[in-house]
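Next come the chains, spelled out residue by residue.
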Amino acid sequence: MIHFGKAVVKMRFVIIAVAIALLIPAAIAYLNTRINYDVLSYLPKEIETMQGQQILQDEFGTGAISMVVVEGMEWKDVSKLRQEIEEVPHVKNVIWYDSFVPLSMPLELLPDDVVDAFVNGDATLMAVTYDTGTSEDETMEAILDIRKIAKDNVYLGGISGIVTDTRDLANAEEPIYVLIAVALAVVILSLAMDTFLAPIFFLLSIGICIIYNLGTNLFFGEISYITKALAAVLQLGVTMDYSIFLWHSFKENEQTMGGDNKLAMAQAIAQTIQSVIGSSVTTIAGFIALCFMSFTLGMDIGIVMAKGVLFGVIGCVTILPSLILIFDKAIEKTKHRPIFPKFERIPAFVAKHHRLIIVIFAVMWIPAIWGYNRTSVYYQLDKTLPDYLPSVVANAKLDETFHMGATHMLLLDSSLESTQVEKMCDEMKQVDGVKSVIGLDSLLGSGVPRELLPKKITEALISKDWQLVLINSEYMTASDEVNHQVEVLDEILDRYDQKGMLIGEAPCTKDLIRITDHDFTVVNWVSIGFIFVIIFFVFGSASLPFLLVLVIEFAIFINLGIPGFTGTKLPFVASIVIGTIQLGSTVDYAILMTSRYQTERASGMGRDESVRIAHTASIQSIIFSALSFFAATFGVGLYSNIEMISSLCILMARGALISMTTVIFVLPAVLYLFDPIIVRTSRGFLPKREKEKKQPEMAGEGICPDGR
């Protein structure tokens, strides 16, 4: 590795020139990477609800549906508004009262279902269909165009509106996320280190690697807005350690090599590669575990972040050393006395009270598990957004005015007889919470020929192979009531049409709940398994994988258990990925301390001295690392108005501090208590003199003390 270090030192100007040049294609690729704002699109493509959505687009040319509430407007003006909306690009149809009959026809002549679905007092409802998908760029632009046409008393609701508002809010906030993370990281690092300028180059190096990471996402075609929003902040938080490792190693080698900064840096690069590879493997493993989710948002986050960590490692041993050497004199001029203390009293306190700490640790598992099991999650996508956004206001208006919480769609075999369809619809109307069931035959009654309906209505509701029935539900998406309602409707549907499908936001969300519940268990066990295996090979130990994972899992249970005590509901994504991220990102703290403990124990030190030295030597690095992670995420969590982003960042920030505290206080106590087991079940821990005692001398092997 020293040869690589010397090569980096020699090529430092070339490395910086190449790094800057690569920013151009990376930035262009980043700007051309499509962002997906529809979380439901990450459901497995083979499930029925997703297949049904595809059929809806392929057979009916309908990719998305919005409901528009119009209040206090004369019907002739509503009709004019309908026509204007129909002129918007990618709007396929706008279905309203005058889509069926002339405005001059009295309401009483229409079926009650149709009247109840489209009229309530001075409010009326229009259904807007698009020829593009729910989260496609064309659909979102169409929604913005409709909002420009609409007046203050017009409200456009539906999942596409939520996706549009999510996009606009995320795009407005994301630059601020980076500024907050960078500003807080600079403050923390400036206080923790002995120079004000070095942290700037840390962040510059990491920033270059972040752009590389975001640019290479172009090869995936698109990434989630959650991934995009978190990538920079999370990469900054989890890779800052590597820069700190390099800096400390550089300064130590500089002292031992008589101030020769080039030789010191070459040696520091070699040492950093060895330590950083071990550290990064656990972090990458945590992110790779997300790829085992059926809900492919996990793969989206996992691959992008694993790639980001890899770029961070490369940048740490190439770009950062080059920057430090080039600007070494400027860095020296900004040196100051470190403000942070050395935390020397904590190791002494833990050594004295390690038995009490173990008792507290054991007892604290009870409330940790209790809170963890009581923490609840929610799946309503509009709840992750501020109440003032147009889509959230519109969905509330839909519920308030028309008691419409969700709209389901039935895809039926087009050859199914009208009498059977009508019988099925009548049965579905009796299901709790079903407000109306509207199909081709229910619009004018089964006795009236379909040919009397306008062509655009028949085209919207029937194709060669399928016919479409709309079901308006009073229950909100993701509620227990609507999930039960979907189950009952599915049972009725199966009796009439085995081929039929129930689709829409609520059925998709019900699938999301089922799939992510399973994913939560899978991801947790896969991440634990990965980390367990890595620790096993790093230490060659049968006991340490259990002990280190137990310590970090305790921190995770505390972190995810706090909402159970405060009554805070978490967005479902946060609850799934945070445990894996916290385990992969913070188990390094435990590995760092244990590695030093192994070194001291193998050198012949006793248990107490080995743990004390390891604790003292690693505590400052652990605190700096955790505070850097905290700084990169906490400010974003406070600022963001998108609760999906805010909750994840708050959980990661809090998790870093909890893991730090657990490793600093609990891990040394665990090492004290389990030292006899560790040294006998691990490679490289047993002191040499103890090994010699356990290995009989060749001359005395098999000989009794009396010489026989």
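Residues numbered from 1 in each chain as written. Predicted model: local features only at pLDDT ≥ 70, side-chain atom pairs only at ≥ 80, totals over all residues. Heavy atoms only, no water.

### Looking at the environment of Asn373
In step 1: As for its position among the elements, Asn373 is in helix H15 (residues 354-374).
In step 2: For the pair Asn373 and Phe557, spaced 184 residues apart in sequence, the C-alpha separation works out to 9.2 Å. (Helix = DSSP H or I, 4+ residues; strand = E, 2+ residues; numbered from the N terminus.)

### A short note on the side chain of Asp511
In step 1: Residue position: Asp511 is located in helix H21 (residues 505-539).
In step 2: Excluding residues that lie within four positions of it along the chain, Asp511 makes contacts with Leu43, Ile47 and Thr49. (Contact = heavy atoms within 4.5 Å.)

### Structural notes on the nonpolar core
In step 1: Formed by 168 residues in total, the largest nonpolar core has its most connected members in Phe202, Ile226, Phe295 and Phe572.
In step 2: Looking at this core element by element, the count peaks at 19 residues for helix H25 (residues 643-681).
In step 3: Not counting residues up to four positions away in its chain, the partners in contact with Phe295 are Val39, Tyr42, Leu43, Leu512, Ile515, Thr516, Asp519 and Phe572.
In step 4: Counting 52 residues, the second-largest nonpolar core is a separate cluster that includes Val70, Val128, Ala150 and Leu411. (Core = buried A, V, L, I, M, F, W, Y, C linked by side-chain atoms within 4.5 Å. Buried < 20%, exposed > 50% of the residue type's maximum accessible area, 1.4 Å probe, protein only.)

### Quick notes on the sheet that holds strand S9 (residues 406-413)
In step 1: Read across the open sheet, the four strands follow the order S10-S11-S9-S12; overall the sheet is antiparallel. In this open sheet, the two edge strands, each paired with only one partner strand, are strand S10 (434-438) and strand S12 (501-504). This sheet shows a mean twist of 25° between the axes of neighbouring strands, independent of strand direction.
In step 2: Where S9 and strand S11 (residues 466-473) come together, eight bridges link them in antiparallel fashion. Of the residues in S11, the one forming a bridge with Leu411 is Leu468.
In step 3: Where helix H3 (residues 48-60) meets the sheet, its contacts fall on S9, S11 and S12, and the angle it forms with S12 comes to roughly 85°.
In step 4: Contacts from helix H20 (residues 480-496) reach S9, S10, S11 and S12, with the element oriented near 15° to S9. (Pairing = 2+ DSSP bridges. Axes fitted to C-alpha atoms, helices over the stretch in contact; angles between N-to-C directions.)

### Description of the environment of Gly371
In step 1: Mapped onto the elements, Gly371 comes out in helix H15.
In step 2: Of the residues examined, Gly371 reaches a relative accessible area of 0% and is grouped as buried.
In step 3: Among residues more than four places away in sequence, those in contact with Gly371 are Leu560, Gly561, Gly564 and Phe565.

### A word on the pattern of salt bridges
Opposite charge on two side chains permits them to pair, given that their charged atoms come into close proximity.
In step 1: Enumeration over the complete set of coordinates arrives at 21 salt bridges.
In step 2: We note a salt bridge from Glu222 to Arg34, for which the minimum N-O separation is 2.9 Å. Of this pair, Glu222 sits in strand S7 (residues 222-224) while Arg34 sits in strand S1 (residues 34-36), and the two are 188 residues apart along the sequence.
In step 3: When its relative accessible area of 29% is taken as the criterion, Glu222 is described as partly exposed.
In step 4: Residue Glu71 pairs with Lys397 through a salt bridge whose shortest N-O separation is 3.4 Å. Of this pair, Glu71 sits in strand S2 (residues 64-71) while Lys397 sits in helix H16 (residues 390-402), and the two are 326 residues apart along the sequence. The same class applies to Glu71 and to Lys397, which are both buried.
In step 5: Residues joined in a network through salt bridges with shared partners are Arg34, Asp137 and Glu222. (Salt bridge = Lys/Arg side-chain N within 4 Å of Asp/Glu carboxyl O.)

### A short note on the packing of helix H8 (residues 198-215) against helix H11 (residues 297-317)
In step 1: In contact at an axis separation of 9 Å, H8 and H11 are set at 140° when each is read in the N-to-C sense. Considering their axes alone, H8 and H11 lie oblique with respect to each other. As for the relative orientation of H8 and H11, their crossing is right-handed in sense. Each of Ser205, Cys209, Tyr212 and Asn213 in H8 lies in contact with H11, whose residues at this interface are Val304, Lys307, Gly308, Phe311, Gly312 and Gly315.
In step 2: Classifying every residue of the contact of H8 with H11 by side-chain character gives four nonpolar, five polar and one charged. (Parallel < 35°, antiparallel > 145°, perpendicular 65-115°, else oblique. Left-handed = near helix turned anticlockwise from the far one by under 90°. Nonpolar A, V, L, I, M, F, W, Y, C, P; charged D, E, K, R; others polar.)

### Looking at the packing of aromatic side chains
In step 1: In total, this model carries 20 aromatic pairs according to the counting rule given.
In step 2: Ring centres 4.1 Å apart and planes at 25° place the aromatic pair Tyr372 and Phe557 in the stacked group. In this pair, Tyr372 is assigned in helix H15 and Phe557 in helix H22 (residues 544-566), connecting sequence segments 185 residues apart.
In step 3: Arranged with centres 4.7 Å apart and planes meeting at 15°, the rings of Phe630 and Phe634 form a pair that is stacked. Linking Phe630 with Phe634, this pair stays in helix H24 (residues 607-639), spanning four residues, or about one helical turn.
In step 4: On the accessibility criterion, Phe634 (30% relative accessible area) is partly exposed.
In step 5: Feature note: the residues Phe361, Trp365, Tyr372, Phe520, Phe554 and Phe557 constitute an aromatic cluster, connected by ring pairs.
In step 6: The ring of Trp466 is capped by Lys499, whose NZ or CZ atom sits 4.5 Å from the centre of that ring. (Phe/Tyr/Trp six-rings, centres within 6.5 Å; stacked < 30°, edge-to-face > 60°. Lys NZ or Arg CZ within 6 Å of the ring centre and 35° of its normal.)

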